[in-house]
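# A look at the structure
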Amino acid sequence: MSVDRDDRDLEAELASADAGRVGIPVDAVCVGCGRTRVKRVDPAAMDHDSQVDPTTLEATDCASFKHICHSCQAATWWNPVAVLTGLLESDRGDQE
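What this report covers is the structure whose coordinates are included nearby. The model shown is predicted, which means the values in this text are computed figures rather than measured ones. (Residues numbered from 1 in each chain as written. Predicted model: local features only at pLDDT ≥ 70, side-chain atom pairs only at ≥ 80, totals over all residues. Heavy atoms only, no water.)

### What about the nonpolar core?
Of all hydrophobic cores here, the largest spans 13 residues; its most connected members are Ile-24, Val-26, Met-46, Phe-65, Trp-78 and Val-83. Of all the secondary structure elements, the ones that give two or more residues to this core are strand 3 (24–30), strand 5 (65–69) and strand 6 (74–83). Sort the elements by how many residues they give to this core and strand 3 lands first, with four residues. Apart from the residues lying within four places of it in its own chain, the contact partners of Ile-24 are Lys-39, Arg-40, Val-41, Pro-43, Met-46, Pro-54, Leu-57, Val-83 and Leu-88. Of all hydrophobic cores here, the second largest spans six residues; its members include Leu-14, Val-38, Leu-84 and Leu-87. (Core = buried A, V, L, I, M, F, W, Y, C linked by side-chain atoms within 4.5 Å. Buried < 20%, exposed > 50% of the residue type's maximum accessible area, 1.4 Å probe, protein only. Helix = DSSP H or I, 4+ residues; strand = E, 2+ residues; numbered from the N terminus. Contact = heavy atoms within 4.5 Å.)

### A few points about the pattern of salt bridges
If the charged atoms of two oppositely charged side chains come close together, the side chains can form a pair. Counting across every chain of the model gives three salt bridges. The partner of Glu-13 in a salt bridge is Arg-8, and the shortest N-O contact between them spans 2.8 Å. With a shortest N-O distance of 3.3 Å, Arg-37 and Glu-13 are connected by a salt bridge. With a gap of 24 residues between them, Arg-37 in strand 4 (residues 36–41) and Glu-13 in helix 1 (residues 10–15) connect regions that are remote in the sequence. Given the relative accessible area of 26%, Arg-37 is considered partly exposed. Through salt bridges with shared partners, a single ionic network connects Arg-8, Glu-13, Asp-27 and Arg-37. (Salt bridge = Lys/Arg side-chain N within 4 Å of Asp/Glu carboxyl O.)

Take a look at the structure:
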């Protein structure tokens, strides 16, 4: 079952290489082009301990982070808008 946000398939975005390979899933907005996409990011990149329980994180408590934007074709800053806890379980299941 996919998690939908604004008619987007977040599971498909998470599975894409564009999301990255390591980190917790967050929905974020590129400051360059304004595009919103799922990205994987280490909590340390958002000013949290890498071992933090991701279910306790709120997007408003997370700092901007650098990640590749395929629209801008560069590493740009992304502002987290949601920590996608609904994708955490499906993501953990894929890694086992």
